[in-house]
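# Remarks on the overall topology
In case you want the letters, here they are:
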Amino acid sequence: MVTPAAHREAAAHLQSVYEMSERRACRVLGTDRASVRYRATRPDDGVLRDRLKALAQERRRFGYRRLHVMLRREGHAVNKKRVQRIYREERLTVRRRGGRKRAMGTRRPLEIPLVANQRWSLDFVSDQLTDGRRFRILTVIDNCTRECLGLVADTSLSGARVARELDVIIQQRGRPETIVSDNGTELTSNAILSWADDAAVGWHYIAPGKPQQNGFNESFNGRLRDELLNETLFRSLPHARLVLDAWRRDYNETRPHSKLGWLTPEAYAKALTGHIGRPAARVDGCADRPLATPANHGSDQPRTLVMAG
C-alpha cells in the first residue's frame, strides 16, 4: 500500500471487519489520520469527460497531448495532467500497431529549412479500394512549414503526371528551390528530368535504400496511413480523392503538429512568412540549398542528370 487511496481502503476494512477504532487502524497501518479522513474536493468533470470521449472517437489515432490542444482551442481551461488522467480512466489509449524492426546506429538529423518553399519532398503511398483494385497516392510536403501541398490519387502516376501536378502546385504557391525524392522510376524518368530543367528546380535523389534521408515525407506518410488509410474503406477512386482532400485540409488547418509547437502547419506558415500562398523571402544566415544528406552539396540539374544515369 503506497497510495493514500489504498490506505483509506485498508483503514475502512479494519474498522468494518475487525471493529477497530480509526486511531488504532491508522496506527496499525502506519498512516496519518488526516490522510484517511481526507475527502476529495475535485470538481465535476462530466462535461470535459464527455467532450474528450467524443474527440477521441472522432480522432481515433490522437493521443492525449494532441487532444489537450484541441480542447484548449475549444475554450476548456484544463491542464495536460487532468486530460491525461481522464484519458487513462476512460481507456482511450491509442494501441500501437506493430512495425518492422529497424537497424540501430548513429543517425544524423535532417537539416530543417528556414523558410517556406526552400525544400519540398515527394513520395508515393499505396492502398486499395473495397473491390480490391490498387491505387497510389502522390504526397508532396513542404519541409519547413510541414504543410501537405498535394495528395494525388490514381491507379497510375507516371512521371509526366507528376510534373503536371507539380505545375499546379507551383501556380498556387510558388516555385521551390529543391525537391527531394527517392529513385523510383516515375521520379527518375525523362519527363521529370526535363521538367526540372525547364522549371529551374534543383532535384536531389536520396541514396538507394536510405528512406531516412527523406524523413519528413516518410513521417507524414506514417501519419497518413495511421490516421486515414487504415481507418477508411474507399468505395471508389472519386471517393478516395474526396476523402484525401478533406483530410489534407484538416491536416493543414486543424490538426496540431507537435514539431511546430502544437500549431497547425497553416498557422505556422502565416507566423513565419506573414503572407501564405506566395514564395517566402530568403533570410540572412540561411544555407544556400540544404539537402537531405551532407553529400552532393549544391545539387544542380547537370549533377541530377548524372546521378539519374
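Structure first, text after, so check above.
Residues numbered from 1 in each chain as written. Predicted model: local features only at pLDDT ≥ 70, side-chain atom pairs only at ≥ 80, totals over all residues. Heavy atoms only, no water.

## Considering the sheet that holds strand S2 (residues 134–142)
Read from one edge to the other, the open sheet built from 5 strands follows the order S3-S2-S1-S4-S5, with strand pairing classed as mixed. The open sheet is flanked by strand S3 (148–154) and strand S5 (202–205), the only strands paired with a single partner. Ignoring which end each strand starts from, the neighbouring axes of this sheet average 20° apart. Pairing of strand S4 (residues 178–181) with S5 involves 4 bridges; the strand directions are parallel. Within the sheet, the bridge partner assigned to Thr 178 lies in S5 and is Gly 202. Lying over the sheet, helix H8 (residues 190–199) contacts S4 and S5, oriented at roughly 140° with respect to S5. Against the sheet, helix H10 (residues 237–253) touches S2 and S3, its axis set at about 170° to S3. (Pairing = 2+ DSSP bridges. Helix = DSSP H or I, 4+ residues; strand = E, 2+ residues; numbered from the N terminus. Axes fitted to C-alpha atoms, helices over the stretch in contact; angles between N-to-C directions. Contact = heavy atoms within 4.5 Å.)

## Here we look at the nonpolar core
One finds Leu 122, Trp 195 and Trp 203 to be the most contacted residues of the largest nonpolar core, which totals 22 residues. Secondary-structure elements contributing two or more residues to this core are strand S1 (119–128), S2, S3, helix H7 (159–173), H8 and S5. Broken down by element, the residue count for this core peaks at 5 residues, all from H7. Not counting residues up to four positions away in its chain, the partners in contact with Trp 195 are Ala 163, Leu 166, Asp 167, Ile 170, Ile 179, Val 201 and Trp 203. In this structure, Phe 135, Ile 137, Leu 237 and Val 243 belong to the second largest nonpolar core, which totals 19 residues. (Core = buried A, V, L, I, M, F, W, Y, C linked by side-chain atoms within 4.5 Å. Buried < 20%, exposed > 50% of the residue type's maximum accessible area, 1.4 Å probe, protein only.)

## Some points on the pattern of salt bridges
One pass over the full model with this rule turns up 24 salt bridges. Among the ionic pairs, Arg 51 bridges to Glu 74, the shortest N-O distance being 2.7 Å. Here the residue Arg 51 occupies a position in helix H4 (residues 46–58), and Glu 74 occupies one in the loop between helix H5 (64–73) and helix H6 (80–89), the gap between them amounting to 23 residues. On the accessibility criterion, Arg 51 (28% relative accessible area) is partly exposed. Note that Asp 142 is salt-bridged to Arg 173, the shortest N-O span being 3.0 Å. Placement of the pair is Asp 142 in strand S2 and Arg 173 in helix H7, with a sequence separation of 31 residues. Within the structure, one salt-bridge network assembled from shared partners comprises Asp 45, Arg 49, Lys 53, Arg 85, Glu 89 and Glu 90. (Salt bridge = Lys/Arg side-chain N within 4 Å of Asp/Glu carboxyl O.)

## A word on the packing of H7 against H8
Taken N-terminus to C-terminus, the directions of H7 and H8 make an angle of 30°; their axes are 7 Å apart at the nearest point. Regarding the angle of H7 to H8, the classification is roughly parallel. Here the hand of the crossing between H7 and H8 comes out right-handed. On the side of H7, the interface is formed by Gly 159, Ala 160, Val 162, Ala 163, Leu 166, Asp 167 and Ile 170, while H8 contributes Ala 191, Ile 192 and Trp 195. (Parallel < 35°, antiparallel > 145°, perpendicular 65-115°, else oblique. Left-handed = near helix turned anticlockwise from the far one by under 90°.)

## Remarks on the layout of surface pockets
As a volume, the second largest pocket reaches approximately 540 Å³. As for the second largest pocket, its lining consists of 23 residues, of which Cys 148, Leu 149, Gly 150, Gln 172 and Arg 248 are closest to the centre. Those elements that place two or more of their residues in the lining of the second largest pocket are S3, H7 and H10. Sorting elements by how many residues they give to the lining of the second largest pocket places H10 first, with 7 residues. A per-class count over the lining of the second largest pocket returns 9 nonpolar, 4 polar and 10 charged. (1 Å grid on protein atoms, 1.4 Å probe; cavity = no way out; pocket = protein on both sides within 12 Å on 5 of 7 lines; lining within 4 Å. Points joined across faces, edges and corners; volume = space filled by probe spheres on them. Nonpolar A, V, L, I, M, F, W, Y, C, P; charged D, E, K, R; others polar.)

## Overview of the side chain of Glu 227
Note that Glu 227 resides in helix H9 (residues 215–227). Setting aside residues up to four positions removed in sequence, Glu 227 forms contacts with Arg 61, Phe 62, Trp 247 and Arg 255.

## A closer look at the side chain of Thr 264
Within the secondary structure, Thr 264 is located in the loop between H10 and helix H11 (265–273). You can call Thr 264 buried: its relative accessible area is 7%. In terms of polar contacts, Thr 264 uses its side chain to reach the backbone amide nitrogen of Ala 267, at 3.1 Å. (Polar contact = N/O pair within 3.5 Å; in protein donor to acceptor, adjacent residues only side chain to side chain.)

## Things to note about the pairing of S5
Where burial is concerned, the two faces of S5 agree: the one with Gly 202 and His 204 and the one with Trp 203 and Tyr 205 are both buried. Considered for its hand, the β-α-β crossover made up of S4, H8 and S5 is right-handed. (Right-handed = clockwise from strand over helix to strand, strands pointing away.)

## So, the packing of aromatic side chains
Remark: the centre distance and the inter-plane angle together describe each pair of aromatic rings, the angle taken between the planes. Scanning all chains against the criterion turns up 7 aromatic pairs. Consider the rings of Trp 203 and Tyr 205, whose centres lie 6.3 Å apart with planes at 35°: the pair is tilted. The burial state of Trp 203 is the same as that of Tyr 205; both residues are buried. By way of ring pairs, the aromatic residues Trp 195, Trp 203 and Tyr 205 are connected into one cluster. Lying over the aromatic face of Phe 62, Arg 66 brings its terminal NZ or CZ to 5.5 Å of the ring centre. Stacked on the ring of Phe 124, the Lys or Arg Arg 136 has its end atom at 4.2 Å from the ring centre. (Phe/Tyr/Trp six-rings, centres within 6.5 Å; stacked < 30°, edge-to-face > 60°. Lys NZ or Arg CZ within 6 Å of the ring centre and 35° of its normal.)

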